[in-house]
Amino acid sequence: MGWLSDSLDSIRTLQIRHVLTQIVSLGMIVTSALIIWKGLMCVTGSESPVVVVLSGSMEPGFKRGDILFLHMSKDPIRAGEIVVFNVDGREIPIVHRVIKVHERQDTGEVDILTKGDNNFGDDRLLYAHGQLWLQRHHIMGRAVGFLPYVGWVTIIMTEKPIIKYLLIGALGLLVITSKE
Amino acid sequence: MHSFGYRLNTVLTFALLLLAVLCGAASFLDAFNSPLSASSSYVQANAQVVKVNRFRRQLNGADEVSLTFNVSLDMKRLFTWNTKQVFVFLAAEYETPKNALNQISLWDHIILDKDQAMFQTKVTTKYPLIDQGSNLRGRKVDLILHWHVMPKTGRMIRDKLRLSDFHLPEAYT
């Protein structure tokens, strides 16, 4: 009877090892994704290196669902650049083009006015009440690169959460059941 | 080993990788279209102020100017097979005692096609030239053409060219 219990034991330990391997590889996937994201943050100097365009205010240049790569350097901001900025009281950052820049002689502080290419007027209506200019601290980054359509994945996932849960469930199931 | 799932996975991964490589190549090849020497040989442009339509001081004390100018452009050479559009604008740039740099976009235009990249037109300022104060009387203002090449995919390219300068009148209209 000894050989039977031996083989049972070996099967049991195998399964535990298998489960452990799966957990470790899952952890590796999650951590490497995090490493890539944080690494991008370090390289670009922007707290969100990649943004998805949500509105059509920059058409035909950027459409809804396009992806922009941001870069934040110490270089001064100049007219014509496309910047991503946060307005107090607004949750979602805006991607628009700089049309006016006033840079102080003594302090080097800047007053910036932006406008969407596809909008009729400038952005003063979008700013906080009574705000006429954007300052440096409102700017999250400037757009340097562009990739079309990829952002639709995140738009669909945020607007239809059920698809997100289905996708996560399916992936989880695949990871657990895969034999390799 | 060669189940449907594995094959699908391989095909999808390979397709995505190929697409990424193609996008990277398209953007990289744009670099060969960059001018090696001065940008002036690359974009032909001219802009002259023909009329000062209005020059006044606003109630809050800021000078405001409306201008009419002639613009002629040839930006055909900016277009490559990866170019979606060229955003071109004319900016007034000047220095005041308070500000080291004032950049104000006066007129802009989106060129979607290479065939439309050469034209001559007479335009009025789309956005008025408003100073942060009243420093514009007799001020020398540079007219600078900026362009922003927006690609179908990849890196965006910006450049500029100084076209001309003019002096604003000494008196309001």
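Rules of the game
Residues numbered from 1 in each chain as written. Chains lettered and ligands numbered in written order. Predicted model: local features only at pLDDT ≥ 70, side-chain atom pairs only at ≥ 80, totals over all residues. Heavy atoms only, no water. Buried < 20%, exposed > 50% of the residue type's maximum accessible area, 1.4 Å probe, protein only. Helix = DSSP H or I, 4+ residues; strand = E, 2+ residues; numbered from the N terminus. Pairing = 2+ DSSP bridges. UniProt positions renumbered as here; feature names shortened; annotations may be inferred. Phe/Tyr/Trp six-rings, centres within 6.5 Å; stacked < 30°, edge-to-face > 60°. Lys NZ or Arg CZ within 6 Å of the ring centre and 35° of its normal. Contact = heavy atoms within 4.5 Å. Buried area = accessible area lost by both parts, 1.4 Å probe. Polar contact = N/O pair within 3.5 Å; in protein donor to acceptor, adjacent residues only side chain to side chain.

A.B. asks: Now, about the pairing of strand E3 (residues 83–94) of chain B: what can you tell me, with residues and values included?
C.D. replies: All names here are of chain B. Most of E3 sits inside the fold, with 12 of its 12 residues counted as buried. Here E3 pairs with strand E7 (residues 140–151) via 10 bridges, running antiparallel. In the strand pairing of E7, Thr-83 is matched with Pro-151. Examined bridge by bridge, E3 and strand E4 (residues 99–111) share nine bridges and lie antiparallel to one another.

A.B. asks: Tell me about the UniProt feature "transmembrane region" (unreviewed entry) in chain A, residues and numbers included.
C.D. replies: In the UniProt entry, the feature "transmembrane region" (unreviewed entry) is given for residues 20–37 of chain A. In the segment residues 20–37 of chain A, helix accounts for 100% and strand for 0%; the C-alpha atoms at its two ends are 26 Å apart.

A.B. asks: Explain the packing of aromatic side chains residue by residue, including any values.
C.D. replies: In this description, an aromatic ring pair is defined by two values, namely the gap between the centres and the angle between the planes. A complete count under the given rule lists four aromatic pairs over all chains for this structure. With a centroid separation of 5.4 Å and an interplanar angle of 20°, the aromatic rings of Phe-62 of chain A and Phe-146 of chain A are classed as stacked. Of this pair, Phe-62 of chain A sits in the loop between strand E1 (50–52) and strand E2 (67–71) while Phe-146 of chain A is found in strand E6 (residues 139–147), placing the two residues 84 residues apart along the sequence. Neither Phe-62 of chain A nor Phe-146 of chain A differs from the other in exposure class; each is buried. Taking the centre distance of 6.0 Å and the plane angle of 85° together, the rings of Phe-85 of chain A and Tyr-127 of chain A count as edge-to-face. With a gap of 42 residues between them, Phe-85 of chain A in strand E3 (residues 82–85) and Tyr-127 of chain A in the loop between strand E5 (110–115) and E6 connect regions that are remote in the sequence. Residue Phe-85 of chain A shares its accessibility class with Tyr-127 of chain A, and that shared class is buried. Its end group placed over the ring of Phe-87 of chain B, Arg-97 of chain A keeps NZ or CZ at 3.5 Å from the ring centre.

A.B. asks: Describe the pairing of strand E2 (residues 63–74) of chain B, with residues and values.
C.D. replies: On a regular strand, one side chain projects to one face of the sheet and the next to the other, so that they alternate. Residues and elements named next belong to chain B. Burial runs high along E2: nine of the 12 residues are buried. Pairing between strand E1 (residues 44–57) and E2: 12 bridges, direction antiparallel. Bridging across to E2, Arg-56 finds its partner in Glu-64. Adjacent in sequence and paired antiparallel, E1 and E2 are bridged by five residues, among which Gly-61 carries a positive phi angle near 95°.

A.B. asks: Tell me about the interface of chain B and chain A, residues and numbers included.
C.D. replies: At the interface, 34 residues of chain B touch 29 residues of chain A. Taken together, the two surfaces of chain B and chain A that pack against each other cover about 2600 Å², and 52% of this comes from carbon and sulfur. Broken down residue by residue, the surface that chain B buries against chain A is led by Gln-103, Gln-132 and Met-156 of chain B, which jointly contribute 21%. Connecting chain B to chain A are 20 residue pairs in polar contact (both at pLDDT 80 or more). At the level of secondary structure, the elements contributing two or more residues to the side of chain B that touches chain A comprise helix H1 (4–29), E3, E4, E7 and strand E8 (154–155) of chain B.

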